[in-house]
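Okay, here's what each chain looks like letter by letter:
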Amino acid sequence: MGWLWAIIVGFVLGLLAKAIIPGKQHSPIWLTTVMGIIGAIVGNALARGMGIDATSGIDWGRHALQLVAAIVLVLLGEAVYMATKGRSRQRI
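Residues numbered from 1 in each chain as written. Predicted model: local features only at pLDDT ≥ 70, side-chain atom pairs only at ≥ 80, totals over all residues. Heavy atoms only, no water.

The next subject is the overall build of the chain. Across its full length, the chain holds 3 helices and 0 strands. A buried classification covers 30% of the 92 residues belonging to the chain. Look at the contacts in the chain between residues 6 or more apart in sequence, and 62% of them connect residues 24 or more apart. (Helix = DSSP H or I, 4+ residues; strand = E, 2+ residues; numbered from the N terminus. Buried < 20%, exposed > 50% of the residue type's maximum accessible area, 1.4 Å probe, protein only. Contact = heavy atoms within 4.5 Å.)

This is the structure in structure tokens:
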């Protein structure tokens, strides 16, 4: 059941990251979800490293780190996607 929650959290984080990033993103939803999942993992690792991974109540710091990581990764994923998409169009 943990993998299902990872996909759901990754999907939500990816969509939030896309909503925060200004402009139009062209990357597909599957790539956004994957970047959101990786962002959650990176955010958790950063929170653990900072000592804020286990607090009483809602872990706002951990969630903020997850969102920031997802934003950065969605931006990077968008850049790579557009670079490869542009190359494939030049070949045709």
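With that out of the way, let us pick up the nonpolar core. Core analysis: the biggest nonpolar cluster contains 10 residues, these being Leu13, Ala17, Ile21, Leu31, Met35, Ala40, Ala70, Ile71, Leu73 and Val74. Elements supplying a minimum of two residues to this core: helix H1 (2-20), helix H2 (29-50) and helix H3 (60-91). In terms of residues, this core owes the most to one element, H3, which gives 4 residues. Beyond its immediate stretch of four places on either side in the chain, isoleucine 21 contacts Ile71, Val74 and Leu75. (Core = buried A, V, L, I, M, F, W, Y, C linked by side-chain atoms within 4.5 Å.)

This part covers the side chain of threonine 32. Tracing the sequence through the fold places threonine 32 in helix H2. Leave out the neighbours within four places in its chain, and threonine 32 touches Gly10, Gly14, Leu15, Lys18 and Ser27.

If you trace the backbone, lysine 18 turns up in helix H1. Judged by relative accessible area, lysine 18 falls into the buried class, the value being 18%. For the pair formed by lysine 18 and glycine 39, sequence separation is 21 residues and the distance between their alpha carbons is 13 Å. Excluding residues that lie within four positions of it along the chain, lysine 18 makes contacts with Gln25, Ser27, Thr32 and Val74.

Moving on, we get to H1. Along its 19 residues, H1 runs 27 Å from first to last C-alpha, staying within 8% of the 27 Å computed at 1.5 Å per residue. Taken together, the buried positions of H1 are occupied by Gly10, Leu13, Gly14, Ala17 and Lys18. Within H1, the buried residues cover an arc of 135° as seen down the axis, which keeps them to one side. The outward face of H1, more than 90 degrees from its buried face, is lined by the exposed residues Trp5 and Ala19. (Expected span 1.5 Å × (residues − 1). Arc of directions from axis to C-beta.)

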